[in-house]
Amino acid sequence: MGYVAVKGGTKAIEASIDRLKYDRLKGNEIVEINTILATMRTLVDQVMSEASLYAPFLAALAIKQAGGSMEEAVFLLRAHRSTLPRNYYSETVEVEKMFVERRVSASFKDIPGGQFLGATNDYTHRLLDFNLVEESMEDHEQWLAEYKKGLEGINATEIQYFPKVVDYLRAEGLFKTYPLDDTTPKDVTKESIQFPSDRSERLQVLTRGQTGAVTALGYASLRGYGQVHPTIGEVRVGDIPIHVNHPYEKNQDEEDLFYIGEIKVTEVESFVPVPVKKNDRKEELEFEIGYGISFGQNETKAIAMSILDQCLESPHGEFPTHDEEFVLLHIDSVESTGFISHLKLPHYVTFQSKLDSMRQVKKGGKTNAN
Amino acid sequence: MREQPILQVKNLQKKFGEGCQHCLDPEIRQLEKNFCPYCGTIYAVHDVSFDLYPGEVLGVVGESGSGKSTMLQGLYFDIELAAGEVYINEPMLASQNVLTLSSQQKRYIRNYIYGMVYQNPLDGLKMKFSSIGNIAEKMIAAGSRNVGNIEARSKALLEDVHIPLRRMKEEPRNFSGGMQQRVQIAKALSNNPPILFLDEVTTGLDLSVQASVLDLIKQIQRELHISMIVVSHDLAVIRMLADRSIVMLNGTIIENGLTDQILEDPQHEYTQQLVYSLL
Amino acid sequence: MQTKPHFAFFDEGSKKEIRRATLKAVAIPGYQVPFASREMPIARGWGTGGLQLTLSLIGKKDVLKVIDQGADESVNAVSIKKLVQYTTGVALTDHTAEANIIQSRHRIPEHPLREDQILVLQVPNPEPLRKVDAREYMTKRMHAEDDYSGAWLILFEQIMKYGKMTTGAAHPVYVNGRYVMAPSPIPRFDNPKMYYSDALILLGAGREKKIYAVPPYTNVESLAFEDYPFSKESFKGKQCKLCGAEEVFLDEIINQETGDRTYQCNDTSYCMERLNSAQEKEVESSYA
């Protein structure tokens with residue numbers, strides 16, 4: 001009997017990687033990056049969001065390379081991100097300047113500026129559409145032509161910006177108005193998070209969180225393992241412009257900032273009643289905002305994030321969803337999938353060690369080496 | 001000649017809340033019971049001073065909310081007191097206000113000089129560890145590294161508090177309330193602390209169980225001459241255990257003296273009520 | 001759009017930052033220094049902490065050895081070696097004595113290490129007090145206050161329940177009489193090798209974002225009671241069936257057909273070196 005288990009690692013890896021490539025190629029089909037970009041928008045959005053790198057092309061490439069595995073695509077993009085120099089921080093984004101594609105409020109029947117359904121799966125019936133089995137470009141073109149025809153006669157004269165729903169409630173005094181806080185946020189990718197954490201750190205970790213994990217914990221809180229019961233003040237999806245300042249000549253004038261592009265985001269403000277101790281020692285309910293935001297259109301995650309944001313704002317011993325370490329240290333896709341999958345690595349030294357320990361217990365005596 | 005007190009407590013203060021213009025200045029403070037009607041700040045402990053002498057049992061009696069438990073938790077460093085001084089008559093701590101020591105030094109005091117028995121065993125015991133482990137923890141914290149010694153001492157203590165040794169490896173969560181209290185007492189005594197704090201230790205126990213726990217405390221006091229502070233809302237408990245007592249109301253001491261004297265001849269109106277209700 | 005990676009993957013700023021954390025770790029033996037662990041091209045839990053240390057330290061003239069559970073040819077060791085070599089071009093070796101940086105998972109090589117060598121250990125769980133309290137906020141306080149009664153209590157409970165300490169790998173150690181440290185899950189067999197080690201030992205936990213260190217010639221003691229001393233895994237009366245080594249950490253191998261148990265060196269390069277030198281001697285003697 002020869003040497004066991006640990007010979008030929010190099011060859012085995014090479015063969016495994018070849019086999020992986022074979023699996024990707026053997027079907028004799030090529031999915032183009034552009035096809036992914038054009039037809040799998042929400043998948044690209046989700047990968048960008050969990051990878052916290054806004055780069056649709058690279059995300060599509062990652063999806064292609066990963067053979068459609070979410071965790072793998074996110075991993076690829078994260079690893080790529082860490083090789084990129086980061087030369088600038090953008091100026092604070094103003095979500096009021098969003099070019100809104102979709103905007104709904106669950107709190108009011110009618111909101112100033114109006115509800116704006118936009119593109120959503122919410123009201124589609126989830127029946128498999130077998131027409132998609134055989135699509136043709138001609139059909140597409142025809143449909144698109146008709147769709148555009150239907151839009152004729154609508155004259156968009158100027159871009160409309162929508163104020164935040166919460167601003168109206170603030171004006172009414174139903175929400176507390178806080179002074180703008182211009183403290184530089186901490187960057188969790190440059191400094192490891194320490195507890196108790198800042199809200200800026202919490203929001204970063206939440207928005208980078210794995211969609212399924214964030215959703216699951218938000219759901220758990222909503223269902224009873226938590227104390228946050230929100231009403232959605234506003235979900236908005238749309239594009240917001242990003243500006244950076246000159247690195248050396250710090251311009252104070254907004255006009256002199258550099259526009260570097262726009263990103264699509266989903267932003268959620270949840271209204272959460274929280275008890276507040278008033279001066280006359282009575283408790284009163286006040287509304288606080290749970291905040292959620294994610295790259296692209298990813299509404300479920302953004303809403304769940306808004307729940308968890310507010311959960312972590314009010315720690316509560318009884319519920320893990322209100323425990324910052326429990327939530328923030330377990331929702332990262334790269335961390336959780338990496339550590340779970342490392343169990344596939346050989347552990348025979350540690351196992352041998354435990355085995356020895358158990359055998360010694362059976363033998364009895366004080367020390368292990370009797 | 002009077003003995004030196006083992007514990008001197010001077011002007012303890014503890015408030016919960018920020019305070020406001022109406023209550024921050026003690027001169028103009030107008031409280032309702034112990035809280036400020038304007039801002040809701042609770043003045044839980046206000047200007048509490050007393051001495052504890054070697055081997056004596058000092059009773060602290062008062063209704064819930066009188067500040068007695070808060071005061072005890074402050075002495076044991078479970079909560080931070082706003083102001084005040086505490087001196088322990090130990091050579092290495094001579095004339096140091098222990099409230100101002102570092103957290104390491106405070107832990108030293110907790111491990112070597114103080115013992116604490118909480119009203120709720122959950123606060124004093126680790127429910128996931130064995131009973132003997134719970135007792136061992138305190139000895140380990142105080143530097144014991146010999147399993148044989150720790151085990152022997154723990155067993156002796158468990159016998160002292162009438163826990164059958166066959167159950168010593170069980171977790172205290174399997175135990176009845178009275179047994180849990182006895183494990184806590186054994187743990188508190190493990191390092192022979194010169195000072196022992198007992199916070200409502202019999203509250204919530206059945207009467208017969210109460211009696212056995214009280215007997216145990218009396219026996220410990222007789223045999224070990226530990227100085228104790230016994231906090232209770234129950235004057236009967238105080239009467240049974242304490243040589244000397246203080247009565248607290250709304251965060252302040254309203255009466256103090258020999259327990260017998262207080263019971264025979266209560267001065268303060270509140271104490272009178274308390275005593276008459278006992279009769 | 002081909003891009004060439006930077007030398008040793010990281011930009012120089014990242015390397016400096018990791019080295020700063022490393023210096024701090026060396027200055028405070030056994031203390032877990034938080035660092036901004038980078039996202040790596042290998043998975044969290046697969047040696048990213050060790051890899052970041054190696055990449056931040058490595059220079060063109062260095063010779064690297066990587067082992068996983070004692071083996072140079074284990075798949076993940078190979079994978080890590082490939083990545084480092086691809087981004088640095090450094091020489092690789094299987095021979096412990098030839099390497100000046102040795103990255104390892106769960107073992108300290110049998111061949112004694114020297115002053116001019118650095119051992120980098122990959123760490124999955126850097127917190128020895130995690131079982132005492134799940135919250136980082138609490139365990140950090142315990143370290144700060146030198147409050148290790150919880151760690152001792154766990155060992156005491158094992159003795160009460162089973163008659164002895166039942167730790168496997170990762171038996172906690174006291175470093176320099178101050179910090180209790182998880183020695184990465186090396187077997188107890190390797191704990192004594194940390195005691196006054198000639199080589200610098202660095203430990204990196206990528207997912208948990210901690211770096212810590214045992215500087216050369218530092219007191220490292222395994223936690224144990226006076227009357228229940230620490231003990232290593234016992235391979236008494238057993239020897240490697242290949243090279244005949246005794247007093248080394250052995251892998252236990254069960255023959256599928258016969259059910260017989262045999263043993264061989266866990267440290268594969270150590271075993272190979274012994275076999276080769278035995279063969280040389282044999283050849284020499286036969287020509288003599």
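Residues numbered from 1 in each chain as written. Chains lettered and ligands numbered in written order. Predicted model: local features only at pLDDT ≥ 70, side-chain atom pairs only at ≥ 80, totals over all residues.

Undergrad: What am I meant to see in the overall build of chain B here?
TA: Helix and strand counts for chain B stand at ten helices and nine strands. By the compact-globule yardstick of 19 Å for 279 residues, chain B fits well, its C-alpha radius of gyration being 19 Å. Dimensions along the principal axes, computed over C-alpha positions, put chain B at roughly 60 × 45 × 45 Å. Split into buried and exposed, the 279 residues of chain B put 47% on the buried side. By sequence separation, contacts in chain B at least 24 residues apart represent 68% of the contacts at least 6 residues apart. (Helix = DSSP H or I, 4+ residues; strand = E, 2+ residues; numbered from the N terminus. Rg over C-alpha atoms; globule rule 2.2 N^0.38 Å. Buried ≥ 20, exposed ≤ 12 C-beta atoms within 10 Å, placed from the backbone. Contact = placed C-beta atoms within 7 Å.)

Undergrad: Can you walk me through the sheet that holds strand β8 (residues 200-205) of chain C in this structure?
TA: Sheet strands line up and pair through hydrogen bonds in the backbone, either parallel or antiparallel. Residue and element names in this part refer to chain C. Read across the sheet, seven strands follow the order β1-β9-β8-β5-β4-β2-β3 without closing on themselves; strand pairing throughout is mixed. Each of the sheet's edge strands pairs with one partner strand only, and the pair in question is β1 (33-34) and β3 (91-92). Taken together, the two bridges between β1 and strand β9 (residues 210-214) define a ladder with antiparallel strand orientation. If you follow P34 over to β9, its bridge partner there is K210. Where helix α1 (residues 12-27) meets the sheet, its contacts fall on β1, β8 and β9, and the angle it forms with β9 comes to roughly 45°. (Pairing = 2+ DSSP bridges. Axes fitted to C-alpha atoms, helices over the stretch in contact; angles between N-to-C directions.)

Undergrad: Would you mind going over the interface of chain C and chain B with me for this structure?
TA: You'll often see interface size given as the accessible area lost when the parts meet. Listed as interface residues are 15 residues of chain C and, on the opposing side, 16 residues of chain B. Tallied by class, the residues present in the side of chain C that touches chain B amount to seven nonpolar, one polar and seven charged. (Nonpolar A, V, L, I, M, F, W, Y, C, P; charged D, E, K, R; others polar.)

Undergrad: What exactly am I supposed to notice about the domain arrangement of chain A here?
TA: Residue and element names in this part refer to chain A. Annotation of chain A at the domain level lists domain 1 (9-81) and domain 2 (97-120 + 160-331). For domain 1 versus domain 2, the separation of C-alpha centres amounts to 30 Å. Residue-level contacts link nine residues of domain 1 with ten residues of domain 2. Grouping the constituent residues of the side of domain 1 that touches domain 2 by class yields three nonpolar, four polar and two charged. (Domains from an automatic or database assignment.)

Undergrad: What am I meant to see in the interface of chain C and chain A here?
TA: The interface of chain C with chain A comprises 54 residues on the first partner and 47 residues on the second. Secondary-structure elements contributing two or more residues to the side of chain C that touches chain A are α3 (75-88), α4 (136-144) and β11 (250-254) of chain C. In terms of residue count, α3(C) provides more of the side of chain C that touches chain A than any other element does, five residues in total.

Undergrad: Which parts of the structure should I look at to understand the pairing of strand β3 (residues 57-61) of chain B?
TA: Within a regular beta strand, the side chains point alternately toward one face of the sheet and then the other, so they alternate between its two faces. All names here are of chain B. Counting buried residues in β3 gives five out of five residues, a clear majority hidden from the surface. Covered by surrounding structure in β3 are V57, G59 and V61 together with L58 and V60, the residues of both alternating faces. Note: β3 against strand β7 (residues 227-232), five bridges, orientation parallel. Paired with V60 across the strands is V231, a residue of β7.

Undergrad: Looking at this structure, I do not really get the packing of helix α4 (residues 131-141) of chain B against helix α6 (residues 177-189) of chain B. What am I missing?
TA: Each pair of packed helices gets described by two things: the angle between the helix axes and the distance between those axes. Residue and element names in this part refer to chain B. Between α4 and α6, the least distance of the axes is 8 Å, while the angle of their chain directions is 30°. Taken together, the axes of α4 and α6 lie roughly parallel to each other. Considering only the axes of α4 and α6, their crossing is right-handed. Of α6, the residues touching α4 (which contributes S131, N134, I135 and K138) are V183, A186 and K187. Per-class residue counts for the contact of α4 with α6 are three nonpolar, two polar and two charged. (Parallel < 35°, antiparallel > 145°, perpendicular 65-115°, else oblique. Left-handed = near helix turned anticlockwise from the far one by under 90°.)

Undergrad: Just checking my understanding: could you explain the nonpolar core for this structure?
TA: Judged by nonpolar contacts, the single largest core of 146 residues is most densely connected at F197(B), L198(B), I229(B), V230(B), L119(C), F156(C) and I201(C). No other element matches the seven residues that helix α5 (residues 149-162) of chain C contributes to this core. In contact with F156(C), other than residues within four places in its own chain, are G133(B), A136(B), I140(B) and V147(B). Ranked by size, the runner-up nonpolar core spans 48 residues in total, among them V47(A), L217(A), F287(A) and F295(A). (Core = buried A, V, L, I, M, F, W, Y, C linked by C-beta atoms within 7 Å.)

Undergrad: Please explain the environment of L7(B) as it appears in this structure.
TA: Residues and elements named next belong to chain B. Structurally, L7 is set in strand β1 (residues 7-16). You can call L7 buried: it has 23 C-beta atoms within 10 Å. Each C-alpha atom of the pair L7 and L241 lies 19 Å from the other, and the pair is 234 residues apart in sequence. Once residues lying within four places of it in the same chain are set aside, the contact partners of L7 are D51, L52, I88, I195 and S227.

Undergrad: Looking at this structure, I do not really get unusual backbone geometry. What am I missing?
TA: Where the residue is not glycine, phi is negative for most of them; where a peptide bond is considered, it is trans in most cases. That bond from F195(A) to P196(A) is cis: its omega, 0°, falls within 30 degrees of zero. Secondary-structure assignment places P196(A) in the loop between α7 (165-171) and α8 (199-208). Unusually for a residue other than glycine, K33(B) sits at a positive phi of about 55°. Considering the arrangement of structural elements, one finds K33(B) in the loop between β1 and β2 (42-52). The backbone of A170(C) sits at a positive phi, close to 65°, despite the residue not being glycine.

Undergrad: Help me out: how do you make sense of α3(C) in this one?
TA: Given a rise of 1.5 Å per residue, 14 residues ought to cover 20 Å, and the 20 Å separating the end C-alpha atoms of α3(C) matches this to within 8%. Within the span of α3(C), buried status applies to V75(C), N76(C), A77(C), V78(C), I80(C), K81(C), L83(C), V84(C) and T88(C). Packed against the buried residues of α3(C) are α1 (9-25) of chain A together with α2 (48-57), β2 (63-68), β3 and β4 (101-105) of chain C. (Expected span 1.5 Å × (residues − 1).)

Undergrad: What's the story with the pairing of strand β3 (residues 258-277) of chain A in this structure? I'm lost.
TA: Residues and elements named next belong to chain A. With 13 bridges joining them, strand β2 (residues 231-244) and β3 adopt antiparallel strand pairing. Bridge pairing in β3 places P241 opposite E262. Sheet topology places β3 next to strand β4 (residues 283-295); 13 bridges connect them, and they run antiparallel. Within the sheet, the bridge partner assigned to V268 lies in β4 and is G292.

Undergrad: Got a minute to help me understand the sheet that holds β3(B) in this structure?
TA: Residue and element names in this part refer to chain B. Read from one edge to the other, the open sheet built from six strands follows the order β5-β6-β7-β3-β8-β9, with strand pairing classed as mixed. Edge strands, defined here as strands with exactly one partner in the open sheet, are β5 (114-117) and β9 (252-258). In this sheet, neighbouring strand axes are inclined to one another by 15° on average, regardless of whether the strands run parallel or antiparallel. Packed on one face of the sheet, α6 meets β5 and β6 (195-199) and runs near 175° to β5.

Undergrad: Any chance you could explain helix α1 (residues 68-75) of chain B here in plain terms?
TA: Helical periodicity: at 3.6 residues per turn, an α-helix aligns residues three or four positions apart in one direction. Residues and elements named next belong to chain B. In terms of burial, α1 is a largely internal element, eight of the eight residues being buried. Those residues of α1 lying buried are K68, S69, T70, M71, L72, Q73, G74 and L75. The positive-phi residue at the C-terminal boundary of α1 is F77, with phi of around 70°.

Undergrad: Explain the environment of V33(C) to me, please; I cannot follow it from the model alone.
TA: Residues and elements named next belong to chain C. The residue V33 is located in strand β1 in this model. Considered as a pair, V33 and L83 are 50 residues apart in the sequence and their alpha carbons are 26 Å apart. Non-local contacts of V33, meaning those with residues more than four positions away in its chain, are made with A21, K24, A25, K210, I211 and Y212.

Undergrad: Where do I start with the packing of α1(C) against α2(C) in this structure?
TA: Residues and elements named next belong to chain C. Where α1 contacts α2, the two axes come as close as 9 Å, and the packing angle between them is 110°. It follows that α1 is roughly perpendicular to α2 by the angle criterion. In this structure, α1 uses K15, I18, R19 and T22 to contact α2, whose residues at the interface are Q52, L53 and S56.

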